[in-house]
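So you can see what is in the structure, the chains are spelled out below.
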Amino acid sequence: MANLPKVGFVSLGCPKATSDSERILTQLRAEGYLISSSYQDADVVVVNTCGFIDAAVEESLDAIGEALRENGKVIVTGCLGAREGVIEAAHPAVLAVTGPHATEEVMAAVHAQLPKPHDPYTDLIPPQGVRLTPGHYAYLKISEGCNHRCSFCIIPSLRGDLVSRPVGEVMNEAEALVKAGAKELLVISQDTSAYGVDVKYRTGFWNGRPLKTRMTELVSALGELGAWVRLHYVYPYPHVDEVIPLMQSGRVLPYLDIPFQHASPRILKLMKRPAAAEKTLDRIKAWREACPDLTLRSTFIVGFPGETEAEFEELLAFLDEAQLDRVGCFAYSPVEGAKANELPGAVPEEVKEERRARFMEKQAGISARRLEQKIGREMTVLVDEIDEEGDAVARSPADAPEIDGVVFIADAENLQPGDFVKVRITDATEHDLWAEKT
């Protein structure tokens, strides 16, 4: 195998980009290429980029530059690749540039530099494909693109309109992942609740059984596989209400990741987002009444063009009322191509950062109080790793990997990553929990 061509790989960005990377890596291994963990051993390097906000663009350009310095032969893909001129202006020496979800184009660029090896033994790959996540959890992408045109976002121009994957294909992938050891499936897309809209919710088939191409039916079927099922990137359509009973019954995790973005009706309208904060609060109340253990995660933007101090205070009041469990906050970034950049009333950077700090301070208190309420409770957690001190780092149903908190368990004897374990919560901070085995 020493003479087989080696491809280095750098994966940046969100879980959807990670899923794209896994597909490219799977295809590389399927065709017999080796994956190199260093620049020096690689014959060519693929960099999967992010271009959603300015900080991500800078990180991606830095990564391309590092790969060029260390290796010299670089193929660029991903969201920033859709803005080919930006990459070529900064790094004209790259070999090729493709956009996101472009496995075939990336493979063509690789083939141009490294002819496809012909070895039947190296064509063998595991049925779940090549994954960048630990073996006990996996991202499951159900669609690409987005039909919304939020004024702050350029994702549709990068990834196109919504294209739902066939429901049978999604279920077959999920089944293969669980059979390979995945204990948790993280459902991702640009807009999970829009799944199937583009195909008019047509009926597909899984194991000979009819199954509608629709979020509720898909989630219910995923819940039959015996793994945790966690929903990300859920747009608050009315039919989201249908999955709450599935969460209460234990079919899927009681966890919703819904990016509300703001609470001011005027700002939401400028963002081209749903502009009914009062209805949102009513729905949150109804969801929690139906499923008391529901965890709500969301993200918000402060410093959006034209945002007044009064509108920002309206957002803080929303936090007090909504009592969300997990929250992320971004200062508005005028990413190139976003329609919101044309709006009047740009907020100064120092004001954006001051508001972001106030927002996070407010939410920190809310998160801390909500986690304190879990002290003394028993729950099942999933072990992610065993640290150097011999303690386990795990996650509860309320914690998505890498973005939420963790549960620290002292004395992890006989525990391994991927184990489910029953614990009692003994302490809490604004982010994490501490527990003991029961």
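Everything quoted here is computed from the prediction, not taken from an experiment. (Residues numbered from 1 in each chain as written. Predicted model: local features only at pLDDT ≥ 70, side-chain atom pairs only at ≥ 80, totals over all residues. Heavy atoms only, no water.)

**A closer look at the pairing of strand β16 (residues 378-386)**
The side chains of a regular strand alternate between the sheet's two faces. The condition is simple: By definition, two strands form a pair when at least two bridges between them are found by DSSP. Elements are defined by DSSP. Helices are runs of H or I of four residues or more, strands are runs of E of two residues or more, and each kind is numbered from the N terminus.
Pairing of β16 with strand β19 (residues 420-428), which is carried by five bridges, proceeds in the antiparallel orientation. Each residue of the ladder has a partner; that of Glu378, found in β19, is Arg424.

**Thoughts on the sheet that holds β16**
Threshold: Comment: axis = line fitted to C-alpha atoms, over the contacting stretch for helices; angle = value between 0 and 180 degrees taken between N-to-C directions.
Pairing is mixed in the closed barrel, where five strands are placed in the order β16-β17-β18-β20-β19. If you compare each strand with its neighbour and ignore which way they point, the axes differ by 50° on average. Note: strand β17 (residues 392-395) against strand β18 (residues 407-409), three bridges, orientation antiparallel. Looking across to β18, one finds that Ala392 is bridged to Ile409.

**Describing the packing of helix α11 (residues 309-322) against helix α12 (residues 349-372)**
Our working definition: Reported orientations rely on four angle classes, namely roughly parallel under 35 degrees, roughly antiparallel over 145, roughly perpendicular from 65 to 115, and oblique for the rest. A clockwise turn of the near helix away from the far one marks a right-handed crossing, whereas an anticlockwise turn of less than a right angle marks a left-handed crossing. Note on definitions: a residue-residue contact is assigned when non-hydrogen atoms from the two residues lie within 4.5 Å. For this classification, the nonpolar set comprises Ala, Val, Leu, Ile, Met, Phe, Trp, Tyr, Cys and Pro, the charged set comprises Asp, Glu, Lys and Arg, and every other residue, Gly included, is treated as polar.
In contact at an axis separation of 10 Å, α11 and α12 are set at 15° when each is read in the N-to-C sense. By the criterion of interaxial angle, the relationship of α11 to α12 is roughly parallel. With respect to the hand of their crossing, α11 and α12 are arranged in right-handed fashion. Residues Glu309, Phe312, Glu313, Leu315, Leu316, Leu319 and Asp320 of α11 lie in contact with α12, whose contacting residues are Arg355, Arg358, Phe359, Lys362, Gln363 and Ile366. A per-class count over the contact of α11 with α12 returns six nonpolar, one polar and six charged.

**Thoughts on the sheet that holds strand β1 (residues 6-11)**
Reading across from one edge, β2-β1-β3-β4-β5 is the order of the five strands in this open sheet, with parallel pairing throughout. Strands with a single pairing partner mark the edges of an open sheet, and in this sheet they are β2 (34-36) and β5 (96-97). Pairing geometry for strand β3 (residues 44-49) and strand β4 (residues 74-78), over five bridges, is parallel. Bridge assignment links Val46 to a residue of β4, and that residue is Ile75. Its contacts with the sheet put helix α1 (residues 15-30) on β1, β2, β3 and β4, and the angle it makes with β1 is roughly 175°. Packed onto the sheet, helix α2 (residues 54-70) meets β3 and β4 and runs at close to 175° relative to β3.

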